[in-house]
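Chain by chain, the residues run as shown.
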Amino acid sequence: MRLKEALLRGQGREEFDELDSFLLGTVGGRAPGFPAAGPDALYERAEHRRVAHLLHSRAGREASGGIEVNRRFSRVMFDHNLRTWEEIAGAFADAGIRVAGVKGLFLGALLRRTADQARVTTDLDLLVDGRSLDAAMEVLASLGFVSGLDIKDHAFLRMSSRAIRELEAQQGSYGQVAPMARLLKLPEMDPVAEDIGRWLPGRKLVRTSAGVRSLSVVDLHFDMGHRDASGARHAIPAGELLDSAVTVRHGGTDVRTLDHATMTWLLCYRAYCDIALFGERRLKLFADITDLIRRGGWPSGAVEAAVARYPFIARPIEETLRFLREECAVDPGAWRNPGSRRDPGSRRDPAPPPATPATPATPATPATVRGTVLVCHGWGSEPGSSPWVGRLSGRLARRGMAVVELAPFAAAGDVPDLSEVAETLRERVEAARKDTGGGPVGLIGVSLGSAAALAAVAGGAAVDFLVTVGTVASADVGVTADGGPRELLARYGGGAGDDERVPFLTGQVRLGFLRDLVACAGGTDLGAVTSPVLVLSGGTDNEWRLRDAATVAAHAEARGDGSARRDFPAGNHTLDNAAVGTASAVLSWLTALGVLG
């Protein structure tokens, strides 16, 4: 079927009308002003077709309220997607996995689109070699992304797997992993929450009692191909596309994407597949292709080479070009280049080595130590036992930050009181300040170690930052089916002295330890913790520690000093099963704070 016929006839969907024709004219650079239907009607159709970004410059008295809401959302997502890409790129580089992106943010980088010019999307489409697919999914899971779109935000939001079923049933679709996603909090959108239902009805944005929520979605593509009517597969392996990847500096971030010529012919092919084969009315792809052609010309040489390698793309590209000429008044022949020219702001980097299993980084020894991070481990943990701490140590060492691991609770049954550990941490912080000549000093507390770290900072330890993992801010760290410290004291305490030993977690402790734990952890004044705090928690942790994490995060985030909380839905209590993501989260946060220079 010809692309024009598939798009214009509607095929049982809503008919193609004058508003769609107007938008096609906008794609081609025509149609100034607004049609007779008015700005609101035009915006609603443009948002439905995902080309509302073409209207962002049409401000003034006639501007639609929807355009303003859409423009605000585009700015928010522009910044969020850049940060998410930077996080993912760093984690993939650590794991030795090649990755680049197409469409959305990545096309915007190639075209130098500003936040106001960008198309709103919460998706990142990433290309990975099929041989690296399992490792790539593990890295994303470590960053908090889960498959199935089965995301929970307490009682506020639950997304079903409907989108995945639709993807799997889509005619001709293959070569793509069902979306992986994590919950996205959008406080920047809270002021326009009342307008979201009207102006952004199809964006999977939900207004809850906790504010506006959405999903941050990653689609992994190991092939960019289609299945024809006979069931035969026609594939463009992502690994081959990655050979044409370039790096573009965009919004202060290095973005890895396809070169201009490859992006142009690939989107021409995909436009035909999405409309003529998959039955979707994708005006946004025509807008993107038109921008590519205007900026970089028609890459005739690159297209000829691609057709020679993948003959099945010839007709789709021909049909796309015909549609651009006939319906959008865009003639690729008016813009020509040799086919090998890249965007002048891009650079082609040496390809990373083939994917290898991720291993903890080996700490480097910097010439000068400019800061110190003290890590206080929890119950039963020893120095070097945490995979993510090892990975973080190596990356911080290369930035001049020494990591010192303390394990005061390693020997079960012979552990010091929590208040004693807190005082030791305070003294170690003071000594580190002298050793580094006033350089940054921070604390990381894991599990029971986080209770000691919080007590130390509340007690005057002058740290530049605090990270808590598996946060303990009460005496409920040891709550089991048999009860917690308070229940143990009630059961065994009576007239027993502090040296009496009772079962606790995986060993035995003194009753004095439990009495101190209840007094110290439960008595910490969170209002006295004034340093920026990053709270990290795993979704499989128990309800008491998740409650403590929420309590600490609420106190810290209220100060507006850069404090934050990151949840890893599949993570365990100490996040040792999310090593890459945890280390990357800490490093990204410290970079944003300016601690690492």
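Heads up: these notes are all about the structure in this document.

About the cut-offs
- Residues numbered from 1 in each chain as written.
- Predicted model: local features only at pLDDT ≥ 70, side-chain atom pairs only at ≥ 80, totals over all residues.
- Heavy atoms only, no water.
- Core = buried A, V, L, I, M, F, W, Y, C linked by side-chain atoms within 4.5 Å.
- Buried < 20%, exposed > 50% of the residue type's maximum accessible area, 1.4 Å probe, protein only.
- Helix = DSSP H or I, 4+ residues; strand = E, 2+ residues; numbered from the N terminus.
- Contact = heavy atoms within 4.5 Å.
- Pairing = 2+ DSSP bridges.
- Axes fitted to C-alpha atoms, helices over the stretch in contact; angles between N-to-C directions.
- Expected span 1.5 Å × (residues − 1).

Further remarks concern the nonpolar core. Among the nonpolar cores identified, the biggest contains 99 residues, and Met 189, Ile 236 and Trp 265 are the most heavily contacted of them. Broken down by element, the residue count for this core peaks at 11 residues, all from helix H4 (residues 65-94). If we skip the residues at most four places from it in the chain, Met 189 touches Val 69, Arg 72, Phe 73, Val 76, Ile 196, Leu 200 and Val 212.

Attention shifts here to the sheet that holds strand E16 (residues 441-446). Taken together, the six strands give an open sheet; going across it, the order is E15-E14-E16-E17-E20-E21, and neighbouring strands pair in parallel fashion. Edge positions in the sheet fall to strand E15 (401-406) and strand E21 (564-568), since each of these pairs with one other strand and no more. Each neighbouring strand pair of the sheet contributes to a mean axis angle of 15°, computed without reference to strand direction. The pairing of E16 with strand E17 (residues 465-469) spans five bridges and is parallel. Looking at the pairing, Gly 442 lines up with Phe 465 of E17. Packing of helix H15 (residues 418-435) onto the sheet brings it into contact with strand E14 (371-376), E15 and E16, and relative to E14 it is tilted by some 165°.

In this section: the side chain of Ser 244. By the element assignment, Ser 244 lies in the loop between helix H9 (238-241) and strand E9 (245-250). Overall, Ser 244 belongs to the buried group, its relative accessible area being 13%.

Looking at chain direction, E14 and E15 are connected through six bridges and run parallel. The partner of Val 373 across the bridge, within E15, is Val 403.

This part is about helix H20 (residues 579-593). Think of an α-helix as turning once every 3.6 residues; residues three or four places apart then point the same way. Taking 1.5 Å of rise per residue, the 15 residues of H20 would be expected to cover 21 Å, and the 21 Å separating its terminal C-alpha atoms lies within 8% of that figure. The buried count for H20 comes to 11 of 15 residues, which makes it a mostly enclosed element. What H20 keeps buried is the set Ala 579, Val 580, Gly 581, Thr 582, Ala 583, Ser 584, Ala 585, Val 586, Leu 587, Trp 589 and Leu 590. On its buried face, H20 is in contact with H4, helix H6 (133-142), helix H14 (387-397), E17, strand E20 (533-538) and E21. Trailing H20 by a residue or two, Gly 594 shows a phi angle of about 90°, which is positive.

One non-glycine residue, Lys 103, adopts positive backbone phi at about 60°. Considering the arrangement of structural elements, one finds Lys 103 in the loop between strand E1 (100-102) and helix H5 (104-111). Notably, Arg 112 is not glycine yet its phi reads approximately 60°, a positive angle. Examined against the element boundaries, Arg 112 turns out to sit in the loop between H5 and strand E2 (123-127). Judged by relative accessible area, which is 31%, Arg 112 ranks as partly exposed.

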